[in-house]
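Residues per chain are reported as follows:
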Amino acid sequence: MLMATVMKPATPPVMPRIAPREELNPFRIAQIQFDMAAEFLKLDPGLRQILRTPKRVLEVSIPTKMDNGQVKVLTGFRVQHNLARGPGKGGIRFHPNVTLDEVKALAMWMTWKTATVNIPYGGAKGGVICDPKRMSKTELERMTRRYASEILPIIGPSTDIPAPDVYTDAQTMAWIMDTYSMIVGHEVQGVVTGKPVSVGGSAGRDEATARGLLYVVEEACKLKKISLRGASVAIQGFGNAGATAARLFAEKKAKIIALSDTRGGVTNSRGIDPFKALRYKERSGTVVGMPGASRITNDDLLTMKCDILIPAALENVITLHNADAIKARIIAEAANGPTTPHADEILARRGITVLPDILTNAGGVTVSYFEWVQNQEGLGWDIDEIRARLQKIMVRAFSDVVDTMRRHHVPPRHAAMILAVSRVAEATLVRGLFP
Ligand code: NAD
């Protein structure tokens, strides 16, 4: 009976009334997005309560010896939102502005993301409130290892598998894998993904988020009859997701007309060479000031005329305040949560296609899944196999979302949410309530 109500959607989703002041708490935003899908699917109230709150929240203190001999006690989190479809999966973020609500939102989005691409995971996320740019490598290693040991009771290859996110990387994952293995007394490669290839990492994991995004944008361009060759692309954020996207889009002969990082942005309407930008950033720590491009602000970048805008930094950059000024034809969300619900509504009204995070940046978690499968099975797939498998999953997920859009006349984020929430709801219901 309940199952039937989950699988048979009725009326189109209705945007709940939001207070005039825009909601910017990421967890509240994640709940608003969920409520719209739950309302559309006419989910049972009890089931809604289960799905709109995290299953498990862990807050830990991380005493860390700094290089000057003093001890600093940092705070970290690990949140598991829903594990009905499989072990928890989600990155770890090191950033001074991390909050528990942000980690709860990111964990919830991971639940919908793994369901959208239909891989056998739930959703989880971790974060540490710290400023990694002001820490030495040895301080970062000690902090990471202590954080890993503190969250160890709830992570593991069949319970919750962390991965990199903002300001964490393959080295961070190697420390976590080593710490976990040392404590349990044997090698456990599958406890994290995004590891260096030398310790069980997968070919193609470093480029996976951007490559998955490219596959989704290629499909969207086919539908909108936009040629990627010569298309203008503006990218906010020049880290793992943004810098790799710049390289991959340039390889497809798209024109990268703007790039940015925390210090600001650069633009050139005739195109920026991402390799030159990368080399410049390696030397000077920022893309700002690179030769052959003029300076712009991050705000200017978001509202410049382009075919494809790729937010690849943090949440809440496309809001009520700039959604009317956006001139891109497609927004491809590499970042998690870059667009607020109010902005979504404005962009939909203006006919701008928003390819939502839970679909568009799912390439990272998908290749993380491949890495985990290879670790469990003792296999090693080559890059061609990884890319072919990734493309198949991303194209199928895109097509599932488009089918849902067409069937229910809803924009892409609602469609992806309807698809994802119905899959998670079905798994939750069929498992039943313990005890
Ligand atoms: P990263 O640490 O490699 O890079 C982050 C980049 O964003 C840096 O270039 C930084 O300078 C820039 N940045 C930070 N704050 C900014 C600001 N206020 N304005 C402009 N630029 C700013 O992180 P990443 O892994 O590339 O993650 C970026 C986004 O993509 C995050 O939202 C993350 O959750 C999301 N994401 C990452 C992955 C992945 O596999 N790495 C997967 C899915 C989603």
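**A few points about the site of the ligand**
Next up, step 1: Contacts to the ligand come from 22 residues, most closely from D165, Y167, T209, N240 and N336.
Next up, step 2: Between the ligand and the protein, one listed contact pairs an oxygen atom with a backbone N or O atom of T262 at 3.3 Å.
Next up, step 3: If the ligand stood free it would expose 830 Å²; the protein chains cover 88% of that surface.
Next up, step 4: Looking at the shell around the ligand residue by residue, the class counts come to 9 nonpolar, 9 polar and 4 charged.

**A closer look at the domain arrangement of the chain**
Next up, step 1: Annotation of the chain at the domain level lists domain 1 (54–199) and domain 2 (208–360).
Next up, step 2: Distance between the C-alpha centres of domain 1 and domain 2: 27 Å.
Next up, step 3: The interface of domain 1 with domain 2 comprises 13 residues on the first partner and 9 residues on the second.
Next up, step 4: Carbon and sulfur atoms make up 57% of the area that domain 1 and domain 2 hide from each other, which totals about 880 Å².

**Considerations on the sheet that holds strand β1 (residues 56–65)**
Next up, step 1: The strand order across the open sheet built from 5 strands is β1-β2-β4-β3-β5, with neighbouring strands paired in mixed fashion. Strands with a single pairing partner mark the edges of an open sheet, and in this sheet they are β1 and β5 (160–164). For this sheet the average axis-to-axis angle between neighbouring strands, irrespective of direction, equals 25°.
Next up, step 2: Bridge analysis of strand β3 (residues 88–95) against strand β4 (residues 123–129) gives 4 bridges, and the strand direction is parallel. Each residue of the ladder has a partner; that of I92, found in β4, is G126.
Next up, step 3: In this fold helix α5 (residues 137–151) packs onto β1, β2 (71–82), β3 and β4, with an angle of close to 145° to the strand it touches most, β1.

**Focus: helix α2 (residues 26–41)**
Next up, step 1: Helix length check: α2, at 16 residues, gives a terminal C-alpha distance of 23 Å against a target of 22 Å (1.5 Å per residue), a fit within 8%.
Next up, step 2: Counting buried positions over the 16 residues of α2 gives 13, a clear majority of the element.
Next up, step 3: For α2, the side-chain oxygen to backbone nitrogen distance between the N-cap and F27 is 2.8 Å, and the N-cap itself is N25.
Next up, step 4: Looking one or two places after α2, you find K42, whose phi comes out positive at around 55°.

**Quick word on unusual backbone geometry**
Next up, step 1: Here F434 and P435 are connected by a cis peptide whose omega angle stands at 5°.
Next up, step 2: When you line up the elements, P435 lands in the segment after α15 (412–431).
Next up, step 3: Its identity as a non-glycine residue notwithstanding, K42 has a phi of 55°, on the positive side.
Next up, step 4: Structurally, K42 can be placed in the loop between α2 and α3 (45–51).
Next up, step 5: The residue K225 is not glycine, and still its phi comes out positive at about 55°.

**Notes on the sheet that holds strand β11 (residues 330–332)**
Next up, step 1: The strand order across the open sheet formed by 7 strands is β9-β8-β7-β6-β10-β11-β12, and the pairing between neighbours is mixed. The open sheet has two free edges, formed respectively by β9 (294–296) and β12 (353–355), since each of these has just one partner strand. Across the sheet, the mean angle from the axis of one strand to that of its neighbour is 20°, orientation sign disregarded.
Next up, step 2: Judged from the 3 bridges that link them, β11 and β12 form a sheet pairing that is parallel. Within β12, the position partnered with I331 by the bridge is V354.
Next up, step 3: The strands touched by helix α7 (residues 208–224) are β10 (308–311), β11 and β12; relative to β11, the strand with the most contacts, the crossing angle is about 165°.

Criteria and cut-off values
- Residues numbered from 1 in each chain as written.
- Predicted model: local features only at pLDDT ≥ 70, side-chain atom pairs only at ≥ 80, totals over all residues.
- Heavy atoms only, no water.
- Near = heavy atom within 4 Å.
- Polar contact = N/O pair within 3.5 Å; in protein donor to acceptor, adjacent residues only side chain to side chain.
- Areas by Shrake-Rupley, 256 points an atom, 1.4 Å probe, with all protein chains shown as cover.
- Nonpolar A, V, L, I, M, F, W, Y, C, P; charged D, E, K, R; others polar.
- Domains from an automatic or database assignment.
- Contact = heavy atoms within 4.5 Å.
- Buried area = accessible area lost by both parts, 1.4 Å probe.
- Pairing = 2+ DSSP bridges.
- Helix = DSSP H or I, 4+ residues; strand = E, 2+ residues; numbered from the N terminus.
- Axes fitted to C-alpha atoms, helices over the stretch in contact; angles between N-to-C directions.
- Expected span 1.5 Å × (residues − 1).
- Buried < 20%, exposed > 50% of the residue type's maximum accessible area, 1.4 Å probe, protein only.

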